[in-house]
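Examination of the molecular architecture
One letter stands for each residue in the lines below.
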Amino acid sequence: MVTVIALRAPLYRRRIGRIALDTAACFALSALLVVSALAQDAAEKSAPIKLQLNKVETAGEACRITMVIDNKGPGLKSYKVDLFAFDPEGVAQKRVAVELGPLPPKKTTVKIFDFPGIACNKVGRVLLNDVLACDGGDSAREACLERTETDSKAGLPFDR
């Protein structure tokens, strides 16, 4: 007669092992989701703010600027920039501080403002000198300056 010896673990140990395995899998999945959410949040905070000098036109004794702002990141209550207009020879002519906010999250907006006292044909370049205010969430002014990218479709260079 042959006796078969059971090599299997008792039922309660198998159940405990399965619970431990399921718990470990849930913990690993939770950790992966947390890391993913943190990475997405960090990417959103560093998403660019794209400023496009879209159009320049004379408006009386001022040069009227149409600016397209494409905010790829979180919303901002205030976004104030310091701009300089240079003449074609590179000499600074006018300085203006412009409030471009509020900027809704992940939205493109258009703002129109004037460089007073200078005709558009006297403007050879526009410079984003600084970001003066960046209010929204935990955005610091310096972080907003780093996130800001410039572009021009107006036939004038627009630099930072």
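Residues numbered from 1 in each chain as written. Predicted model: local features only at pLDDT ≥ 70, side-chain atom pairs only at ≥ 80, totals over all residues. Heavy atoms only, no water.

As annotated in an unreviewed UniProt entry, the chain carries the name Tat pathway signal protein and comes from Methylobacterium fujisawaense.

A short note on the sheet that holds strand 4 (residues 92-99)
Taken in spatial order, the 4 strands of this open sheet run 4-3-6-8, and their pairing is mixed. If you trace the sheet from one side to the other, it starts and ends with strand 4 and strand 8 (158-159), each paired once. Judged from the 9 bridges that link them, strand 3 (residues 78-86) and strand 6 (residues 125-135) form a sheet pairing that is antiparallel. In the strand pairing of strand 6, Phe84 is matched with Leu127. (Pairing = 2+ DSSP bridges. Helix = DSSP H or I, 4+ residues; strand = E, 2+ residues; numbered from the N terminus.)

Here we look at the confidence of the model for the chain
Detailed reading of predicted coordinates is not advised where the pLDDT is low. Summing up the model confidence of the chain, the mean pLDDT is 83 and the portion of residues at 70 or higher is 72%. Per-residue pLDDT stays below 50 along residues 35-44; that stretch engages in 3 contacts with residues further than four places along the chain or on separate chains. (pLDDT = per-residue confidence, 0-100. Contact = heavy atoms within 4.5 Å.)

Describing the packing of aromatic side chains
Enumeration over the complete set of coordinates arrives at 2 aromatic pairs. Pairing Phe84 with Phe86 gives two aromatic rings, centres 6.3 Å apart and planes at 45°, and the pair type is tilted. The two residues Phe84 and Phe86 agree in class, both being buried. Its end group placed over the ring of Phe86, Arg125 keeps NZ or CZ at 4.7 Å from the ring centre. (Phe/Tyr/Trp six-rings, centres within 6.5 Å; stacked < 30°, edge-to-face > 60°. Buried < 20%, exposed > 50% of the residue type's maximum accessible area, 1.4 Å probe, protein only. Lys NZ or Arg CZ within 6 Å of the ring centre and 35° of its normal.)

Focus: the nonpolar core
Leu51, Met67, Tyr79, Val81, Leu83, Phe113 and Phe115 are the most contacted members of the largest nonpolar core, which has 28 residues in total. Looking at this core, the elements with two or more residues in it are strand 1 (49-59), strand 2 (62-71), strand 3, strand 4, strand 5 (107-116) and strand 6. Aside from chain neighbours lying at most four places away, what touches Met67 is Leu51, Gln52, Leu53, Leu83, Thr109, Val110, Lys111, Phe113 and Phe158. (Core = buried A, V, L, I, M, F, W, Y, C linked by side-chain atoms within 4.5 Å.)

Digging into the sheet that holds strand 7 (residues 148-152)
The strand order 5-2-1-7 describes an open sheet built from 4 strands, whose pairing is mixed. Here the strands that pair on one side only, and so sit at the sheet edges, are strand 5 and strand 7. Averaged over all pairs of adjacent strands, the angle between their axes in this sheet comes to 25°, without regard to strand direction. Bridge count for strand 2 against strand 5 is 10 bridges, and the pairing is antiparallel. Among the inter-strand pairings, Ile69 is bridged to a residue of strand 5, identified as Thr109. (Axes fitted to C-alpha atoms, helices over the stretch in contact; angles between N-to-C directions.)

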